[in-house]
Amino acid sequence: MKKVFISLSSFSQVSDKPLSILNANGCEVVLNPYKRKLTKEECLKHYSDVDGIIAGTERIDKDVLTVANKLRVISRVGVGLDSIDLEYAKTLGIEVYTSQTLPSIAVAELALGLMIDVLRHISQHHAIIKNGEWIKSSGSLIYGKTLGIVGCGRIGKALVSLTKGFEMKYLAFDQEMDIEFGKLHNIRYVDLSYLLNQSDVVSINISKSSDTTDLIGAEELAMMRKDAVFINTARGGIVSEDALVEALRKSEIAGAGIDVFDQEPYVGPLTDLENVVLTPHIGSNAGEIRERMEIDAVNNLIAVLKP
Ligand code: DGY
């Protein structure tokens, strides 16, 4: 019987189907007992005798791969592979998969939700009412504003499509320019500093790599307008959290909506700030998409482990 560790803490929350496929294929399934992202020590402990992993975003580095000496397949529920040492996995003959169902629309919807929440202070007002008070503050429209998309790939493009009714102006920063898409949607490809300087809303939608780690630091945040908001639904580490906290504290930017963090679960000074909305890396957690992503991940894993 093949042993499969499911490290994704929210696995099977929306449907039993993915789990039943594993059971029907005779897998011994071990679920993440911590209900959060695994630490390195936990990966070292739990991966030592498994044949396959249904992975979240836990770091699977050289040390972890070395300990996992029976491992044949890592199957991600998601598209990001920045957490896995792919080269080393390849040398060990470990196959790595992402789910075919893309979370783009779910992540783009979350980014849009965070934008409106931050701009109109929705969560802030919710907290005020829950506290027994009735205090109003004016926010700003998203309508007609300039949206700067850092990384205009699948998620960035989904964001453009979703925001069509808001009559926004679009700026994009990306190594690869999709000229056709740009023409169709009136997107101007610009350099990063121009985008940061000219946008009312900056949305990070770029993959994490050595090129994009620390892409946004104090200098870049200082280029943003004082009334601009910053949204990150991509990956922690693309923006320096210390610099972001400072920029928010000093009101160098108006607010932020953050779904992804350097260390997850996140505990830190962003939670003390009023002009910030935080979510626990839930970009792809929309039931309709998530079930399909989990089924993809399970099928990809079984295809390797089946005798
Ligand atoms: C992804 O697709 O990698 C998302 O971050 C979900 O894990």
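Note that the structure is predicted; figures quoted are calculated from it, not measured.

Engineer: Quick question: what am I supposed to make of the sheet that holds strand S3 (residues 52-55) here?
Structural biologist: Remark on secondary structure: sheet strands pair via backbone hydrogen bonds, oriented parallel or antiparallel. Taken in spatial order, the 5 strands of this open sheet run S2-S1-S3-S4-S5, and their pairing is parallel. Looking at strand neighbours, the two that pair on one side only are strand S2 (28-31) and strand S5 (95-97), the edges of this open sheet. For this sheet the average axis-to-axis angle between neighbouring strands, irrespective of direction, equals 15°. With respect to the sheet, helix H1 (residues 17-24) is in contact with strand S1 (3-6) and S2, its orientation differing from that of S2 by roughly 145°.

Engineer: Could you clarify how one ought to interpret the site of the ligand in this entry?
Structural biologist: Neighbouring the ligand are the residues Thr57, Arg76, Val77, Gly78, Val79, Gly80, Pro103, Arg235, His281 and Ser284. Within the contact set of the ligand, an oxygen atom lies 2.7 Å away from a side-chain nitrogen or oxygen of Arg235. Here the ligand has 230 Å² of accessible area as a free molecule, and 88% of this is covered by the chains. Residues that form the shell around the ligand fall into these classes: 3 nonpolar, 5 polar and 2 charged.

Engineer: Teacher, can you tell me more about the packing of H1 against helix H12 (residues 287-305) here?
Structural biologist: Close contact between H1 and H12 brings their axes to 8 Å; oriented N to C, the two are set at 15°. If you check the angle between H1 and H12, you find them roughly parallel. Crossing of H1 over H12 shows right-handed handedness. Across the interface between the two elements, Lys17, Pro18, Ile21 and Leu22 from H1 touch Glu291, Glu294, Ile295, Val298, Asn299, Leu301 and Ile302 from H12.

Engineer: Could you clarify how one ought to interpret helix H5 (residues 104-120) in this entry?
Structural biologist: Structural remark: α-helix, 3.6 residues per turn; residues separated by three or four positions point the same way. The end-to-end C-alpha separation of H5 is 24 Å, in line with the 24 Å expected for 17 residues at 1.5 Å each. Among all positions of H5, only Ser104, Ala106, Val107, Ala108, Leu110, Ala111, Leu112, Leu114, Met115, Asp117, Val118 and Leu119 are buried. Just beyond H5, the residue with positive phi is His121, at close to 60°.

Engineer: So what exactly am I meant to see when it comes to the state of the cysteines here?
Structural biologist: By definition, a disulfide links the sulfur atoms of two cysteines through a covalent bond. Considering all chains together, one arrives at 0 disulfides under this definition. Unpaired in this structure, Cys43 has its nearest cysteine sulfur neighbour in Cys27, at a distance of 19 Å. By relative accessible area, which is 1% here, Cys43 ends up buried.

Engineer: Sorry if this is basic, but what is going on with empty space enclosed by the protein here?
Structural biologist: Empty space among the atoms can be located by rolling a probe the size of a water molecule over them. Going through the model one piece at a time under the given rule, you end up with 1 cavity of 30 Å³ or more. Approximately 30 Å³ is the volume found for the largest cavity. Lining the largest cavity are Asn232, Gly236, Gly237, Val239, Glu241, Leu244, Ile258, Val260 and Leu270. In terms of residue class, the lining of the largest cavity is made up of 5 nonpolar, 3 polar and 1 charged.

Engineer: Teacher, can you tell me more about the nonpolar core here?
Structural biologist: The tendency in soluble globular proteins is for nonpolar side chains to be buried as a group. Core analysis: the largest hydrophobic core is formed by 32 residues, its most contacted members being Val150, Ile204, Ile216, Phe230, Leu244 and Leu270. Taken together, the elements giving at least two residues each to this core come down to strand S7 (169-173), helix H9 (192-198), strand S9 (201-204), helix H11 (241-249) and strand S11 (255-258). In terms of residue count, the dominant contributor to this core is H11 (5 residues). Setting aside residues up to four positions removed in sequence, Ile204 forms contacts with Val150, Ile216, Phe230, Ile231, Asn232, Thr233, Ala234 and Ile238. One finds Ala108, Ala111, Leu112 and Val160 within the second-largest nonpolar core, a separate group that totals 27 residues.

Each value, and the rule that gives it
- Residues numbered from 1 in each chain as written.
- Predicted model: local features only at pLDDT ≥ 70, side-chain atom pairs only at ≥ 80, totals over all residues.
- Heavy atoms only, no water.
- Pairing = 2+ DSSP bridges.
- Helix = DSSP H or I, 4+ residues; strand = E, 2+ residues; numbered from the N terminus.
- Axes fitted to C-alpha atoms, helices over the stretch in contact; angles between N-to-C directions.
- Contact = heavy atoms within 4.5 Å.
- Near = heavy atom within 4 Å.
- Polar contact = N/O pair within 3.5 Å; in protein donor to acceptor, adjacent residues only side chain to side chain.
- Areas by Shrake-Rupley, 256 points an atom, 1.4 Å probe, with all protein chains shown as cover.
- Nonpolar A, V, L, I, M, F, W, Y, C, P; charged D, E, K, R; others polar.
- Parallel < 35°, antiparallel > 145°, perpendicular 65-115°, else oblique.
- Left-handed = near helix turned anticlockwise from the far one by under 90°.
- Expected span 1.5 Å × (residues − 1).
- Buried < 20%, exposed > 50% of the residue type's maximum accessible area, 1.4 Å probe, protein only.
- Disulfide = S-S within 2.5 Å.
- 1 Å grid on protein atoms, 1.4 Å probe; cavity = no way out; pocket = protein on both sides within 12 Å on 5 of 7 lines; lining within 4 Å.
- Points joined across faces, edges and corners; volume = space filled by probe spheres on them.
- Core = buried A, V, L, I, M, F, W, Y, C linked by side-chain atoms within 4.5 Å.

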